[in-house]
Amino acid sequence: MDAAQVPDDTRAGTTGGGRVQALERAIALLNAVSESAPDGRPVAELATSCGLNRATAWRLLATLEHHGLVTRDPVANRYTIGSAISRMASTAGTETLVRRAHDVLQGLCHDTGETANLAVAQRLGLTYVDEVVPPAVLTARWLGRQVPIHATSAGKALLAWQTPEQVEALLSGPLDEYTATTRTDRGALHAELAEVRARGYSVSRGELEPQLYGVAAPVLDGTGQPVAVVSVWGPRDRVPESRFAALGEAAVDAAATIRARLTP
């Protein structure tokens, strides 16, 4: 249904075919918000584009915001797609994502000589959904493991491409300290995320486990939101800071390749 064709009849609870009218309106608003990326749109414009009065649009957007489906810039008062949408998309598309990305991870592992992972966002953190390990290297397996977002290079790559509101939602709990280098100060973490975005990749210096060092880069969708993260990591003696720049560039290239495969 075209957004402009959504009826604004508050007396009816359903539309033709048994569909729920309020849900149709909410979906129309979500589509309109998505089309406005990356700048977003104010409620008045969204209401007009969806054929709704402003009060109805505002109530629906407030409900969507409560559930993380949209986010509102409190200064510009514009709505953009929320982090929950990205998490849903990541979960729903994991099988396709892994299938299209696996040989890219194989190439990344072969070229760097280190473990290459693919992770997606989950409600409580990041989950590794694919992994390629060098045949001659003995290492812990992370496939299927969920990790905290603030204490890994993969997590910081995810956070760096989120809005401030999305970052706060993802970091709603305390920032637990796992090692001496874990970022537990929110101000310091936000400063690092700005550096990550400018550089194009994140790094971890033993922040979850003392001897594990690595880099990561986001796989972005058409709106600039991260749908997955590519990471390369290994023991500190094989992945020292002197390798971060080269490994970071390799992770960025791999993420770009995966993005191109996911784009229709």
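As the structure is a computational prediction, the values presented were derived from the model and not from experiment.

### Some remarks on the pattern of salt bridges
Part 1: Summed over the entire model, instances satisfying the criterion amount to ten salt bridges.
Part 2: Across the salt bridge formed by Glu114 and Arg243, the nearest N and O atoms sit 3.0 Å from each other. With Glu114 in the loop between α5 (94-112) and β3 (115-122) and Arg243 in the loop between β8 (226-235) and α9 (244-262), this residue pair connects regions lying 129 residues apart in the sequence.
Part 3: A residue is classified by how much of its surface remains accessible, and Arg243, at 25% relative accessible area, is partly exposed.
Part 4: Each of Lys156, Arg183, Glu192 and Glu207 takes part in salt bridges that share partners, so that together they form one network.

### Points about the confidence of the model for the protein
Part 1: On average, residues of the protein carry a pLDDT of 85, and 84% of them reach 70 or more.
Part 2: When pLDDT is averaged over each element of the protein, strand β6 (residues 202-205) comes out on top at 96 and helix α4 (residues 83-92) at the bottom at 63.
Part 3: A low-confidence stretch, residues 1-12 stays under pLDDT 50, and its non-local contacts, those more than four residues away or across chains, total 29 contacts.

### Some thoughts on α5
Part 1: Within α5, the axis deviates most sharply at Ala101, by approximately 40 degrees.
Part 2: By the burial criterion, the buried members of α5 are Thr94, Leu97, Val98, Ala101, Val104, Leu105, Leu108, Cys109 and Thr112.

### With respect to the side chain of His150
Part 1: Relative to the elements of secondary structure, His150 occurs in the loop between β5 (146-147) and α6 (153-160).
Part 2: A relative accessible area of 5% places His150 in the buried class.
Part 3: Only 2.8 Å separates the side chain of His150 from the backbone oxygen of Asp176, close enough to count as a polar contact.
Part 4: If near-sequence neighbours (up to four positions away) are discounted, His150 is found in contact with Lys156, Leu171, Leu175, Asp176, Tyr178, Thr182, Arg183, Leu189 and Glu207.

### Things to note about the layout of surface pockets
With a probe scaled to a water molecule rolled over the atoms, the places where space remains empty come into view.
Part 1: Considering only enclosed or pocket space, the second largest pocket measures out at about 220 Å³ in volume.
Part 2: Considering the residues around the second largest pocket, the lining is formed by 13 residues, among which Pro38, Thr80, Thr163, Thr223 and Gln225 are closest to the centre.
Part 3: Elements supplying a minimum of two residues to the lining of the second largest pocket: α1 (21-35) and β2 (79-81).
Part 4: Residue composition of the lining of the second largest pocket, by class: five nonpolar, seven polar and one charged.

### Topic: the pairing of strand β7 (residues 212-220)
Part 1: β7 sits mainly inside the fold: eight of its nine residues count as buried.
Part 2: Relative to β7, β6 is paired through four bridges, and the arrangement is antiparallel. Considered in β7, the bridge of Ser204 is made with Gly214.
Part 3: Following β6, the chain reverses through six residues before pairing antiparallel with β7; Gly206 in that reversal takes a positive phi of roughly 65 degrees.
Part 4: Where β7 folds back on β8, the antiparallel hairpin that results is connected by five residues, among which Gly224 adopts a positive phi of roughly 85 degrees.

### Considerations on the packing of aromatic side chains
Part 1: Summed over all chains, the structure comprises one aromatic pair.
Part 2: Taking the centre distance of 6.2 Å and the plane angle of 35 degrees together, the rings of Tyr213 and Phe244 count as tilted. A residue pair is termed long-range when its members are at least 10 positions apart, and Tyr213 in strand β7 and Phe244 in helix α9 qualify at 31 residues.
Part 3: Owing to a relative accessible area of 5%, Phe244 belongs among the buried residues under this scheme.
Part 4: When the ring centre of Tyr201 is taken as origin, the NZ or CZ atom of Arg199, which lies over that ring, is 5.0 Å away.

Thresholds applied
- Residues numbered from 1 in each chain as written.
- Predicted model: local features only at pLDDT ≥ 70, side-chain atom pairs only at ≥ 80, totals over all residues.
- Heavy atoms only, no water.
- Salt bridge = Lys/Arg side-chain N within 4 Å of Asp/Glu carboxyl O.
- Helix = DSSP H or I, 4+ residues; strand = E, 2+ residues; numbered from the N terminus.
- Buried < 20%, exposed > 50% of the residue type's maximum accessible area, 1.4 Å probe, protein only.
- pLDDT = per-residue confidence, 0-100.
- Contact = heavy atoms within 4.5 Å.
- Bend = angle between axes of the 7 residues up to and from the residue.
- Polar contact = N/O pair within 3.5 Å; in protein donor to acceptor, adjacent residues only side chain to side chain.
- 1 Å grid on protein atoms, 1.4 Å probe; cavity = no way out; pocket = protein on both sides within 12 Å on 5 of 7 lines; lining within 4 Å.
- Points joined across faces, edges and corners; volume = space filled by probe spheres on them.
- Nonpolar A, V, L, I, M, F, W, Y, C, P; charged D, E, K, R; others polar.
- Pairing = 2+ DSSP bridges.
- Phe/Tyr/Trp six-rings, centres within 6.5 Å; stacked < 30°, edge-to-face > 60°.
- Lys NZ or Arg CZ within 6 Å of the ring centre and 35° of its normal.

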